[in-house]
Protein chains: 2
Amino acid sequence: MQPSLDSLHQILGADSLLTEADDLAQYGKDWTNQYTPSPMAIALPKTTEQVQAIVQWANEHSVSLVPSGGRTGLSGGAVANNGELVIALDKMNKIVGFESSTQQVQCQAGVITEQLQQFALDNNLYYPVDFASSGSSQIGGNIATNAGGIKVIRYGLTRDWVMSLTVVTGKGEILTLNSGLIKNATGYDLRHLFIGSEGTLGIITEATIKLTRQPTNLTVLMLAIPELDKVKELLNNFQKDIDLTAFEFFSEEAMQKVMSHHDLPRPVETEAPFYCLLEFDATSEDILEKALGCFEHGLENEYIFDGVMSQSQQQAEELWKYREYISETISSQKPYKNDIAVTPDKVSDFLQRVDAIVANEYPEFEVIWFGHIGDGNLHLNILAPDEMDYAEFTKACEKVNPLIFEVLKELGGSISAEHGVGLLKKPYLNYTRSEAEISYMKGIKAAFDPNNIMNPGKLF
Amino acid sequence: MQPSLDSLHQILGADSLLTEADDLAQYGKDWTNQYTPSPMAIALPKTTEQVQAIVQWANEHSVSLVPSGGRTGLSGGAVANNGELVIALDKMNKIVGFESSTQQVQCQAGVITEQLQQFALDNNLYYPVDFASSGSSQIGGNIATNAGGIKVIRYGLTRDWVMSLTVVTGKGEILTLNSGLIKNATGYDLRHLFIGSEGTLGIITEATIKLTRQPTNLTVLMLAIPELDKVKELLNNFQKDIDLTAFEFFSEEAMQKVMSHHDLPRPVETEAPFYCLLEFDATSEDILEKALGCFEHGLENEYIFDGVMSQSQQQAEELWKYREYISETISSQKPYKNDIAVTPDKVSDFLQRVDAIVANEYPEFEVIWFGHIGDGNLHLNILAPDEMDYAEFTKACEKVNPLIFEVLKELGGSISAEHGVGLLKKPYLNYTRSEAEISYMKGIKAAFDPNNIMNPGKLF
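Calculation notes
Residues numbered from 1 in each chain as written. Chains lettered and ligands numbered in written order. Predicted model: local features only at pLDDT ≥ 70, side-chain atom pairs only at ≥ 80, totals over all residues. Heavy atoms only, no water. Helix = DSSP H or I, 4+ residues; strand = E, 2+ residues; numbered from the N terminus. Rg over C-alpha atoms; globule rule 2.2 N^0.38 Å. Buried < 20%, exposed > 50% of the residue type's maximum accessible area, 1.4 Å probe, protein only. Areas by Shrake-Rupley, 256 points an atom, 1.4 Å probe, with all protein chains shown as cover. Lys, Arg positive; Asp, Glu negative; His and termini not counted. Charge placed at Lys NZ, Arg CZ, Asp CG, Glu CD. UniProt positions renumbered as here; feature names shortened; annotations may be inferred. Salt bridge = Lys/Arg side-chain N within 4 Å of Asp/Glu carboxyl O. Pairing = 2+ DSSP bridges. Axes fitted to C-alpha atoms, helices over the stretch in contact; angles between N-to-C directions. Contact = heavy atoms within 4.5 Å. Buried area = accessible area lost by both parts, 1.4 Å probe. Phe/Tyr/Trp six-rings, centres within 6.5 Å; stacked < 30°, edge-to-face > 60°. Lys NZ or Arg CZ within 6 Å of the ring centre and 35° of its normal. Least-squares fit on C-alpha atoms with pLDDT ≥ 70 in both. Domains from an automatic or database assignment. Core = buried A, V, L, I, M, F, W, Y, C linked by side-chain atoms within 4.5 Å. Expected span 1.5 Å × (residues − 1). Parallel < 35°, antiparallel > 145°, perpendicular 65-115°, else oblique. Left-handed = near helix turned anticlockwise from the far one by under 90°. Nonpolar A, V, L, I, M, F, W, Y, C, P; charged D, E, K, R; others polar.

J.: Report on the overall build of chain A, specifying residues and quantitative values.
T.: Summing up its helical and strand segments, chain A has 15 helices and 16 strands in all. Its C-alpha atoms give chain A a radius of gyration of 23 Å, within 12% of the compact-globule value 23 Å for 460 residues. The C-alpha extent of chain A, read off along each of the three principal axes, is 70 × 55 × 45 Å. Residues classed as buried in chain A amount to 61% of the 460 residues present. About 17,200 Å² of surface is accessible on chain A, with carbon and sulfur atoms providing 46% of the total. Positive and negative side-chain charges of chain A, numbering 34 and 62 respectively, have mean locations separated by a distance of 6 Å.

J.: Please provide a residue-by-residue account of the UniProt feature "domain: FAD-binding PCMH-type" (unreviewed entry) in chain A, values included.
T.: Residues annotated by UniProt as "domain: FAD-binding PCMH-type" (unreviewed entry) correspond here to residues 35-214 of chain A. The distance separating the terminal C-alpha atoms of residues 35-214 of chain A is 40 Å; by composition the span is 22% helix and 23% strand.

J.: I'd like to hear about helix H9 (residues 252-262) of chain A, residue by residue, with values.
T.: Inspection of H9(A) places Glu252(A), Ala254(A), Met255(A), Lys257(A), Val258(A) and Met259(A) among the buried residues, and these make up the whole buried set. Residue Asp263(A) follows H9(A) closely and has a positive phi angle near 50°.

J.: Could you give me a rundown of the pattern of salt bridges, with the residues and numbers involved?
T.: Under the counting rule described, the total for this entry stands at 36 salt bridges over all chains. Lys183(A) is the partner of Glu418(B) in a salt bridge, and the nearest nitrogen-oxygen pair spans 3.0 Å. With Glu418(B) in the loop between helix H14 (390-410) and helix H15 (435-448) and Lys183(A) in the loop between strand E8 (174-177) and helix H7 (190-194), this pair bridges two chains. Residue classification places Lys183(A) among the buried residues on the basis of a relative accessible area of 0%. The network of salt bridges with common partners includes Arg159(A), Asp189(B) and Arg191(B).

J.: Describe the sheet that holds strand E2 (residues 41-43) of chain B, naming the residues involved and giving the relevant values.
T.: Residues and elements named next belong to chain B. Read across the sheet, four strands follow the order E1-E2-E4-E3 without closing on themselves; strand pairing throughout is mixed. Both outer strands of the open sheet, strand E1 (17-18) and strand E3 (65-68), are each paired with one neighbouring strand and no more. Alignment of E2 against strand E4 (residues 85-88), held across three bridges, turns out to be parallel. Looking across to E4, one finds that Ala41 is bridged to Leu85.

J.: An account of the sheet that holds strand E6 (residues 104-108) of chain B is needed here, citing residue identities and associated values.
T.: Residues and elements named next belong to chain B. Taken in spatial order, the five strands line up as E5-E6-E9-E7-E8 in an open sheet, and their pairing is antiparallel. Lying at the two open borders of the sheet, with one neighbouring strand each, are strand E5 (95-99) and strand E8 (174-177). Looking at each pair of strands side by side, their axes are set apart by 15° on average, direction ignored. Sheet topology places E6 next to strand E9 (residues 202-210); five bridges connect them, and they run antiparallel. Following the sheet pairing, Gln108 is matched in E9 by Glu206. Of the strands in this sheet, E5, E6 and E9 are in contact with helix H4 (residues 113-122), which crosses E5 at around 35°.

J.: Give me the environment of Leu351(A): which residues, what numbers.
T.: Residue and element names in this part refer to chain A. Position of Leu351 relative to the elements: it lies in helix H13 (residues 347-361). Given a relative accessible area of 2%, Leu351 falls into the buried group. Separated by 18 residues in sequence, Leu351 and Trp369 place their C-alpha atoms 8.6 Å apart. Dropping the residues within four chain positions of it, Leu351 is found in contact with Leu228, Phe249, Phe274 and Trp369.

J.: Quick rundown of the interface of chain A and chain B? Include the residues and the values.
T.: Taken together, the 79 residues of chain A in the interface contact 79 residues of chain B. Summing both partners gives a buried area of about 5,900 Å² for chain A against chain B, and 57% of it is carried by carbon and sulfur. Among the residues of chain A in contact with chain B, Lys183(A), Tyr188(A) and Tyr440(A) are the three that bury the most area, contributing 18% of the side total. Where chain A meets chain B, there are 10 salt bridges.

J.: Can you break down the packing of aromatic side chains residue by residue, with the values?
T.: Applying the stated criterion to the full structure yields 28 aromatic pairs over all chains. Here the aromatic rings of Phe350(A) and Trp369(A) are separated by 6.4 Å at their centres, their planes lie at 80°, and the arrangement is edge-to-face. One end of the pair, Phe350(A), is in helix H13; the other, Trp369(A), is in strand E15 (residues 366-372), and 19 residues separate them in sequence. The burial state of Phe350(A) is the same as that of Trp369(A); both residues are buried. Grouped by ring-pair contacts, the aromatic residues Tyr362(A), Phe365(A), Tyr390(A) and Phe393(A) constitute a single cluster. Across from the ring centre of Tyr155(B), 4.9 Å away, lies the NZ or CZ of Arg154(B), which sits over that ring.

J.: Before we move on, could you go through the relation of the copies chain A and chain B and cite the residues and values that matter?
T.: Once chain A is rotated about the relating axis by 180° and shifted along it by 0.0 Å, it coincides with chain B to within an RMSD of 0.0 Å. Here the copies are linked by what is in effect a two-fold axis. Taking C-alpha positions as reference, the residue of chain A nearest the rotation axis is Ile444(A), located at 2.8 Å. Comparing contact sets, 100% of the residues at the interface of chain A also lie at the interface in chain B, consistent with an isologous, same-surface contact.

J.: Quick rundown of the domain arrangement of chain A? Include the residues and the values.
T.: Entries for chain A in the domain assignment read domain 1 (6-88), domain 2 (95-210), domain 3 (218-327) and domain 4 (333-435). With centres defined by C-alpha atoms, the gap from domain 1 of chain A to domain 3 of chain A works out at 43 Å.

J.: Before we move on, could you go through the nonpolar core and cite the residues and values that matter?
T.: Counting residues in hydrophobic clusters, the biggest one holds 84 residues, and the most contacted among them are Ile209(A), Phe448(A), Ile209(B) and Phe448(B). Those residues in contact with Phe448(A), other than ones at most four positions away along the chain, are Thr169(A), Gly170(A), Lys171(A), Leu175(A), Leu190(A), Leu193(A), Phe194(A), Leu201(A), Tyr440(B) and Ile444(B).

J.: How would you summarise the pairing of strand E16 (residues 377-383) of chain B if you had to cite specific residues and measurements?
T.: Residues and elements named next belong to chain B. Summarising burial for E16: seven of the seven residues are buried, a large majority. Taking every second residue as pointing to the same face, both faces of E16 are buried, with Asn377, His379, Asn381 and Leu383 on one and Leu378, Leu380 and Ile382 on the other. Pairing of strand E14 (residues 336-341) with E16, which is carried by six bridges, proceeds in the antiparallel orientation. Bridge pairing in E16 links Lys337 to Asn381. Hairpin connection, strand E15 (residues 366-372) to E16: the antiparallel pair is bridged by four residues, and Gly376 has positive phi, about 80°.

J.: Just give me the short version of the environment of Gly422(A), but keep the residues and values in it.
T.: With respect to the helices and strands, Gly422(A) occurs in the loop between helix H14 (390-410) and helix H15 (435-448). Residue Gly422(A) is classed as buried on the basis of its relative accessible area of 0%.

J.: Summarise helix H3 (residues 48-61) of chain B; cite the residues concerned and give the values.
T.: Residues and elements named next belong to chain B. Compared with an ideal rise of 1.5 Å per residue, which puts 14 residues at 20 Å, H3 spans 20 Å between its outermost C-alpha atoms and is within 8% of the ideal. Within the sequence span of H3, burial applies to Thr48, Gln50, Val51, Gln52, Ile54, Val55, Trp57, Ala58 and Asn59. One or two positions beyond H3, positive phi appears at Ser62, with a value near 50°.

J.: Report on the packing of helix H13 (residues 347-361) of chain B against H14(B), specifying residues and quantitative values.
T.: All names here are of chain B. Remark: H13 packs on H14, axes separated minimally by 10 Å, with the N-to-C direction vectors making an angle of 160°. Considering their axes alone, H13 and H14 lie roughly antiparallel with respect to each other. The two elements H13 and H14 cross, and the hand of that crossing is right-handed. Across from Phe350, Arg353, Val354, Ile357, Val358 and Glu361 in H13, the residues of H14 making contact are Val400, Leu403, Ile404, Val407, Leu408 and Glu410. Looking at the contact of H13 with H14 residue by residue, the class counts come to nine nonpolar, no polar and three charged.

The structure is reproduced here in structure tokens:
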């Protein structure tokens, strides 16, 4: 039976508790789309103390809570499909402090990624974690899934930029984890435990984020590659001399779709099975020369067919489009997505084995590969044949999943590189984490959330 | 009552279980020296499986275990003063794998830091975590305390270089945590939980460590500084343009002691209350010019009195000596050490307040400050007056500790920046971590080590 919401009204005020059907539908799901939202209500707290009061209320009334950021997740981590109360951080969207000498900025959890990026630029600094959903995703959600994106090869993951967290645990206690300290060797780092915990231990309400120096001359190299086996050599050669800020790849199939959908010319003359997009900060002539040297070495040794280097920021942006437009281009074909990772040295082996599996099981399915090959993160997109029923197609893909994940397991890979586990990947968690690990995770969860009210059913 | 060691003999072989008084004395303590070693025996396993068998044996017989690396710790984390069995990783000292394309190297936990640094150099790479004890400290121990050192400002802590861990938990289960993956969003990152856990959750037996590109032209600037208040400005100005690889400081008192003890000339003509040592990789003329520009700006604006820049690697090494020799120089005076941290913007305020406290409580005590000011990590050394009894001196210092830690707490600082908590800082843990945090830490410990056999009495 649903408890009365009267006391929640008192905690939040009338304007901050939503129960209209439209709101329930909107706040009850993320970008995953497979699940039917059915939350009890939507709470929009304005302070950490209000979040605490909600968690205490939920413990008293055995109500499950789903923390909700920008709801751009692709694994159903922010889905409320089981009568939960959604705690949306939308009203906690302020940047509340900035110390220029430490380059640390204090954000409420609901601050939008782009808002933080802009704040950094306004202060002649840079927040380097960037991805397609940065216009909607919130800092709290980014931290809860340890979001990655396109600059990881140079700047790391969200984890690497979090200097402090304020959280409300499942028990309803407020913790301040680290206080912006670079060095703090005083026991278990609970901050790192909350990063990537997908709202199952508590709710992140505030974070202190480190900023960094702006790049000055981002330069893009688009390369045509004869075979993926050669990418290892290519990556090694460039990384020996240059701090790459991005190292992306995509297939000729992806290239063709983007060119046709967006009416764009072929960016490099020579057609090839794969393309790599490299980005680096050409802070000196010396670095540009080194990059050209690597490029020539690749041409001579035939692990590069052809390539083009941007001569201006505008040209760099033009070249990025071929990579950035892929997701949107194929979205009309409702691709079945898998966000997976292996170590970069195993990418070629993995990709060939997955291609063989899909070709063998479903020769009529089209496969589009792209991703952050520099860090081993691949986005596998399987496209439904036009005539096929979508539910049937999804089911077929789910049948292939265990075959793919067996290969991943053998190679020590991850069934979720940067999208989290949520509901979608939960059935497959044991391909990446052992039974013993999962059991310890449950032990940790019990310590922080003994009544299992925090995002229950997600992760495990 | 002490259980029979027969079954341990069977697990390890006779040569790998030490019970001689000399061995017990040697393996029963670290560099902390305040504690009297009294272990039951010393086990020297050769494999992860042997470690597992020992942990299972210890659980059966309710024997406490103390994991032991290079025993260079300064907080008593590796002290066995209560009849424990020491598990020393000395025989697990091999580098067992290397993948050049990912720059990842697989080390057994007993690999010495310097051995890894040398391995990196031999492969034209670099392991950047470095500190005074790198000739003896082991990788496993470094990870268990999340060791920092002199290059943190540029390269981060040990945590930032650990790609995988193999551990045996207090329950006796072997876990492989992450497999070298850069992106792996599959639930709680237990790897990060073990980093800095000081052997209280389990024993680290193997680690995969990431290496990086070698610096090419490390250049040192030694600066004379009129007052510490100005260091913030100094740091900001250099960091705006340059990736500093080190930013150290020490006082004129430290300078005088080093010059006199080692018969060295004054490195910068002008005497000043404080000195900063900056290091950066001058990969291009451009960077050198920027550094000189920052230096001149400092002279003009009087936050730098004077300075000298190294013109060769040899000269850079000469300049480092003034900083590196401090610990050894003052060691004969048996300093009472405190390894503490605040955020870099609060260093000056903190230091002045501590100086005032010590001057007020014990005007006859000499205070030597030095440390990694770029990351806010200060080493406070209080020297005993010649005539004073050492036990009496220590007691006096311990009386000052709460006064200093109150200031630290107020400033959000840490009672242990990089030395860990162990036995020494345990009484003060609540100055940095809240009661609630400590209680969650205990909950986590109970999940991994329900019989409390792993390094009991350390940390909390």
